[in-house]
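Chains, contacts and geometry: an overview
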Number of protein chains: 2
Amino acid sequence: MRAVGGIMDKSGSNKGEEEAETGRPTLKTLAFMTGLGVTTVSRALKDAPEIGAETRKRVQLVARQIGYRPNRAGVRLRTGKTNVISVVLNTTEQIGGFLSDFIYGISERLAATPYHLVVAPYSHNNDPMEPIRYVVETGSADGIIISRTEPSDPRVRYLTERGFPFAAHGRTAMGIEHAYHDFDNETFARLAVRRLAELGRRRLALLAPPTALTYHQHMRGGFLDEMDRHGQSEVPFSAVSSDNVIDDIRRHTIELMQRTGRPDGIVCGAGGPAFALIAGIEAAGFKLGRDIDLVAKEPFNLLQLVRPEIHVVEEDFRLAGHDLATAVLSRIDDKSAAPMQRLVVPTDVIAPR
Amino acid sequence: MRAVGGIMDKSGSNKGEEEAETGRPTLKTLAFMTGLGVTTVSRALKDAPEIGAETRKRVQLVARQIGYRPNRAGVRLRTGKTNVISVVLNTTEQIGGFLSDFIYGISERLAATPYHLVVAPYSHNNDPMEPIRYVVETGSADGIIISRTEPSDPRVRYLTERGFPFAAHGRTAMGIEHAYHDFDNETFARLAVRRLAELGRRRLALLAPPTALTYHQHMRGGFLDEMDRHGQSEVPFSAVSSDNVIDDIRRHTIELMQRTGRPDGIVCGAGGPAFALIAGIEAAGFKLGRDIDLVAKEPFNLLQLVRPEIHVVEEDFRLAGHDLATAVLSRIDDKSAAPMQRLVVPTDVIAPR
DNA sequence: TGGCAAATCTGTAACGTTTCAATATACTCA
DNA sequence: TGAGTATATTGAAACGTTACAGATTTGCCA
């Protein structure tokens, strides 16, 4: 074997030197230029202590000069590290989507790192587990960001069981400590109800998120309890959720407003659907601020601009993206560290201007 | 060399057979299971004609059974093919972003292919060329989708010169035939102006995109020419573009409305900014539909819902994403084929309801 | 002087894939 | 029979990287 090694060696190093200077530089290129071995160069670039200080500097200088960039496929094949974060999104999600900010938040955080962001979609009729399994099974990312978290979320269980780094937009309730960023929707609902109470509103309806999602519970819990304190009553409005398409919400809102016990206050748990609520209320012939008041989430700061008579609570999706990216990264960095858990508590309802 | 080969061979195949059945299956696993060579398996999976029909079927059956999925890093390292499409986005882009739909459009198209979508952001103060160079130099994607196209776009030149597959959201005017999807903003402007003419509006202002972008020319061209035909005059409004932040637009709109020669009609070239226009107009004490009329783009079908008095033209960003994905794919597939070029022409302005 | 340790540096093998250049087998034709 | 030719299959090498197990040099101590 030694003899064979010797032979291979000669032909091998010949190749390196014969090769025309072409294409993008690799470790071999650097090795040739510095007169060092490929291994040495590799280590020098990652500041390994067993490489002489002078050599290290020299290699790094040359590398910088010729613009060396490690080949991702090489690293990935050898180490399994992909330098990719995968964000799994529901394609049929929401209207006019908060998604832009969410994605921008993630990208911004990732910009200064070697990580790339890949967007893995799944449609409503598909299994939400599918993209998750794909990533884990094929090892196509180092970490995952999920949204639309459920109280007992199979994705969270699956990822936790396998020790795969992830962070969730939203909490769970399954006794698993995992990284998350969440908006405190209970407090949101309380603030909203309180505001409506102050306005003298007595019969409230809630346009809640789909029951399957964790924050449905939070929002509804806060809504009911706070109504209790103020002696208000609920007008049921469960035919639609904030996931429904605009037109459904508008139609059901009209129906809601035409009931005898119609509400005089509505809490809307999302930004887009508020538009449909407004349209519905007015189509039924009622006037916002007079017959009824609306408190809604304001994700793009557009709603109150054209409808100053509604009350809004701001929710920052860019921050959510940023947080979640940070959370996965730290998870990847050290799986045994405590997972980042951030709950953003809204403090006030912005009144009509 | 032959002798050496023989020796290596023995030890090599030993390894394969000794190896514990673990982790995810590779070609070697399949080779072992079928009793064939790795090469044969590789070829059989891609239906190479020189592999016997029976063998081919057998290999494919086994592969399917054990859920074989080619290792992307391996393929990428060997062939240079990444199976990635990179979409380059400006992080500071627009308000409330049409981006969601754009990205969903792309993902949807890519879902049935082996391609992944990676989002490469750049911020306003950075060089737009930077992410492009990065992708090309590091070969980190097979194709690129760009937006915010300029008449003489350095990215288009760069990518074309290198024969790198790409598609642009928007056209250029530099004598280069490239793939694009564009919304006909000239026609949009004409339709808008015509509508305002029908309403008897005589003094029009245009909230245009930034002058650097190609569609600024288109929109402005259509706007001016059509005004000419109807004998209308322009009220200059170039202090802001649809890129400005909401609050700037609102403030400048107030200023605009307070001039002596204030407009009685406005054309707004984007969805988000229309909200700011409305807010500004009303803050200045004027009433939409009475003192002034507004025609705007409606990207999320929300605007007219709460402001039925404005006139809208729909622009479909999901379609744009879908188209652009298709365009890059076909570009990757065959660089010599004619690039897909699609111009979506709006046909009508939706009147107030 | 010889031996040992520390400090640097190095080649080989391996990750999973595809391409190249064979090889083995069976068949055809003169 | 022998040469030639399809047909089917194959190992080796390579893509760029890192981990492992050496190898070389230098300095120091006994």
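Structure: above.
Residues numbered from 1 in each chain as written. Chains lettered and ligands numbered in written order. Predicted model: local features only at pLDDT ≥ 70, side-chain atom pairs only at ≥ 80, totals over all residues. Heavy atoms only, no water.

Quick notes on the sheet that holds strand E6 (residues 203-207) of chain B
Residue and element names in this part refer to chain B. Inclusion rule: Any two strands between which DSSP finds at least two bridges are classified as paired. Runs of H or I in DSSP of at least four residues are treated as helices and runs of E of at least two as strands, each being numbered from the N terminus. Every residue pair with non-hydrogen atoms within 4.5 Å of one another is taken to be in contact. Only the stretch in contact is used when fitting a helix axis, every axis being a line fitted to C-alpha atoms; angles between N-to-C directions are given from 0 to 180 degrees.
The strand order E7-E6-E8-E9-E10 describes an open sheet built from 5 strands, whose pairing is parallel. If you trace the sheet from one side to the other, it starts and ends with strand E7 (233-234) and strand E10 (311-314), each paired once. Contacting E6, strand E8 (265-268) and strand E9 (293-298), helix H12 (residues 272-283) runs over the sheet at an angle of about 160° to E8.

Comments concerning the pairing of strand E5 (residues 179-183) of chain B
All names here are of chain B. Condition: We call a residue buried when its accessible area falls under 20% of the maximum for its residue type, exposed when it is over 50%, and partly exposed in between, using a 1.4 Å probe and counting protein chains only.
The buried count for E5 comes to 5 of 5 residues, which makes it a mostly enclosed element. Here E5 shows a buried face lined by Ala179, His181 and Phe183 and a second buried face lined by Tyr180 and Asp182. Direction of pairing for strand E4 (residues 166-169) relative to E5: parallel, over a ladder of 3 bridges. In the sheet register, Ala168 faces E5, and the bridge partner there is Tyr180. When E5 meets strand E11 (residues 341-344), the two strands line up parallel, connected through 4 bridges. Bridging from a neighbouring strand, Tyr180 pairs with Gln341 of E11.

Some words on the interface of chain B and chain A
The condition that has to hold: By definition, the buried area sums, over both parts, the 1.4 Å-probe accessible area that each loses when the two are put together. Salt bridges are defined as contacts in which a side-chain nitrogen from Lys or Arg sits within 4 Å of a carboxyl oxygen from Asp or Glu. Between N or O atoms, a polar contact is any pair within 3.5 Å; within protein, one atom must be a potential hydrogen donor and the other a potential acceptor, and residues adjacent in sequence are included only when both atoms are from side chains. Under the convention adopted here, Pro, Cys and the residues Ala, Val, Leu, Ile, Met, Phe, Trp and Tyr are nonpolar, Asp, Glu, Lys and Arg are charged, and Gly plus all remaining residues are polar.
Across the boundary between the two partners, chain B contributes 44 residues, which contact 44 residues of chain A. Summing both sides of the interface, chain B and chain A together bury roughly 4,300 Å²; the carbon and sulfur share of this comes to 68%. Seen at the junction of chain B and chain A, the total is 2 salt bridges. The shortest N-O distance in the salt bridge between Arg69 of chain B and Glu137 of chain A comes to 3.8 Å. Viewed at the interface, chain A and chain B are joined by 11 residue pairs in polar contact (both at pLDDT 80 or more). Counting only elements with at least two residues in the side of chain B that touches chain A, the list comes to helix H5 (72-79), strand E1 (84-90), helix H6 (99-111), strand E2 (116-122), helix H7 (129-138), helix H11 (246-258), H12 and helix H13 (303-306) of chain B. The biggest single contributor to the side of chain B that touches chain A is H6 of chain B, with 6 residues. Among the residues forming the side of chain B that touches chain A, the class breakdown is 22 nonpolar, 12 polar and 10 charged. Relative to E2 of chain B, strand E2 (residues 116-122) of chain A is paired through 3 bridges, and the arrangement is antiparallel. Counted as the bridge partner of Val118 of chain A is Val118 of chain B from E2 of chain B.

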